[in-house]
Amino acid sequence: MRVGFGYDVHKLVENRRLILCGVEIPFEKGLLGHSDADVAVHAIMDAILGAAALGDIGHLFPDTDPKYKGCNSLLLLDEVCKLLREHCYEIVNIDCTIVAQMPKLAPFIVQMRQNIAKSCNIEISQISVKATTEEKLGFTGAGEGISATAVCLIE
């Protein structure tokens, strides 16, 4: 068994859609990034890659490559999981925490878990997605951005 940890952060800006775990969240701002800036999926991918010692998403999907411009991060997660299986590993479970002062994410958690499970070709029971605030402290608490952490166990 191996464990990987992932972390990502993106700035909130106007005129962008807010996508988290493949779910479009109604909000007046979205995350800035080269792809769809799905901060949670990015943290999950890095956790998976870290567990298998296969690099990171910046190495596999560089933000300098125009083919990833606006890309759906769930498609990138599909590729990461395919790479993981090519190296004879399987996901045991994934635990992700999204840190955002606003918007409230509880109504979207089940769909987020379903999206991740589908992309990873695993059961929803193997996926945990949680959301928390930072009590108005730091850049996430001030509503300047959203961060996410993830842990993945593989065997």
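Cut-offs used in this document
- All chains use their own residue numbering, which begins from 1 and follows the written sequence.
- Since the coordinates come from a predicted model, pLDDT governs what is reported: local features require at least 70, and pairs of side-chain atoms require 80 or more to be given and counted, while whole-chain, interface and lining totals use all residues.
- To obtain the side-chain values, all non-hydrogen atoms of the structure were used and water was disregarded.
- Whether a set of points on the 1 Å grid over the protein atoms alone is a cavity depends on a 1.4 Å probe fitting there but being unable to get out, while an open set qualifies as a pocket with protein on both sides within 12 Å along at least five of seven lines; lining residues are those with an atom within 4 Å of a point.
- Grid points are joined across faces, edges and corners, and a volume is the space filled by probe spheres set on the points.
- Helix and strand assignments follow DSSP, with helices taken as H or I runs no shorter than four residues and strands as E runs no shorter than two, numbered in order from the N terminus.
- For this scheme, ten residues count as nonpolar: Ala, Val, Leu, Ile, Met, Phe, Trp, Tyr, Cys and Pro. Four count as charged, namely Asp, Glu, Lys and Arg, and the remainder, Gly too, count as polar.
- One less than the number of residues in a helix, times 1.5 Å, gives the span that helix is expected to have.
- Note on classification: 1.4 Å probe, protein chains only; a residue is buried when its accessible area is under 20% of the maximum for its type, exposed when over 50%, partly exposed between these limits.
- Throughout, nonpolar core names a set of buried Ala, Val, Leu, Ile, Met, Phe, Trp, Tyr and Cys residues whose side chains join them through atoms within 4.5 Å.
- Contacts were defined at the residue level, with two residues in contact if any of their heavy atoms lie within 4.5 Å.
- None of His or the chain ends enter the tally, which takes Lys and Arg as positive and Asp and Glu as negative.
- A carboxyl oxygen of Asp or Glu within 4 Å of a side-chain nitrogen of Lys or Arg is what we treat as a salt bridge.
- In the analysis that follows, any N or O atom pair within 3.5 Å is treated as a polar contact, provided that within protein one partner can donate a hydrogen and the other can accept it, and provided that, for residues neighboring in sequence, both atoms belong to side chains.
- A pair of Phe, Tyr and Trp rings is counted when the ring centres sit within 6.5 Å of each other, with Trp represented by its six-membered ring. The angle between the planes then sorts it: under 30 degrees is stacked, over 60 is edge-to-face, the rest tilted.

Undergrad: Describe the layout of surface pockets, with residues and values.
TA: Reported here for the largest pocket is a volume of approximately 250 Å³. Every element with two or more residues in the lining of the largest pocket is listed here: β1 (2-13), α1 (39-51) and α2 (57-60). Class assignment of the residues belonging to the lining of the largest pocket gives a composition of six nonpolar, six polar and two charged. Its boundaries defined by the atoms lining it, the second largest pocket holds a volume of some 200 Å³. Lining the second largest pocket we find Arg16, Arg17, Ile19, Gly22, Ser35, Asp36, Gly70, Cys71, Asn72 and Leu74. Taken together, the residues that form the lining of the second largest pocket break down as three nonpolar, four polar and three charged.

Undergrad: Which residues make up α1, and what values do they have?
TA: An α-helix turns once every 3.6 residues. As a result, residues three or four positions apart point the same way. In this model, α1 (13 residues) spans 18 Å end to end at C-alpha, consistent with the 18 Å of a helix rising 1.5 Å per residue. Taken across its 13 residues, α1 has twelve buried, putting it largely inside the fold. Of all the positions in α1, only Val39, Ala40, Val41, His42, Ala43, Ile44, Met45, Asp46, Ala47, Ile48, Leu49 and Ala51 are classed as buried. One or two positions beyond α1, positive phi appears at Ala53, with a value near 55°.

Undergrad: Which residues make up the nonpolar core, and what values do they have?
TA: Most often, soluble globular proteins have nonpolar side chains that are buried together. Ranked by internal contacts, the top residues of the largest apolar core, which has 51 residues, are Ile48, Leu77, Ile91, Ile98 and Ile116. When residues of this core are traced back to their parent elements, those giving at least two are β2 (18-20), β3 (23-25), α1, α3 (73-86), β5 (91-99), α4 (109-120), β6 (127-132) and β7 (145-154). Element by element, the count of residues in this core is highest for α1, at ten residues. Apart from residues lying up to four places away in sequence, Ile98 is in contact with Leu20, Cys21, Ala40, Leu105, Met112, Val129, Lys130, Ala131, Thr132, Ile146, Ser147 and Ala148.

Undergrad: Kindly report on the side chain of Asp36, identifying the contributing residues and their values.
TA: Tracing the sequence through the fold places Asp36 in the loop between β4 (30-31) and α1. At 6.1 Å, Arg17 is the nearest oppositely charged side chain to Asp36, a buried residue that forms no salt bridge. A distance of 3.1 Å separates the side chain of Asp36 from the backbone nitrogen of Asp38, its partner in a polar contact. Here Ser73 takes part through its side chain, which lies 2.4 Å from a polar atom of the side chain of Asp36. The contacts of Asp36, once residues within four sequence positions are left out, are Arg16, Ile19, Leu31, His42, Gly70, Cys71, Asn72 and Ser73.

Undergrad: How would you explain the packing of aromatic side chains if you had to name every residue and give the values?
TA: Evaluation of the coordinates by the stated rule reveals one aromatic pair. Centroid distance Phe61 to Tyr68: 5.4 Å. Interplanar angle 80°. Geometry classified as edge-to-face.

Honestly, it's all geometry; don't read function into it.
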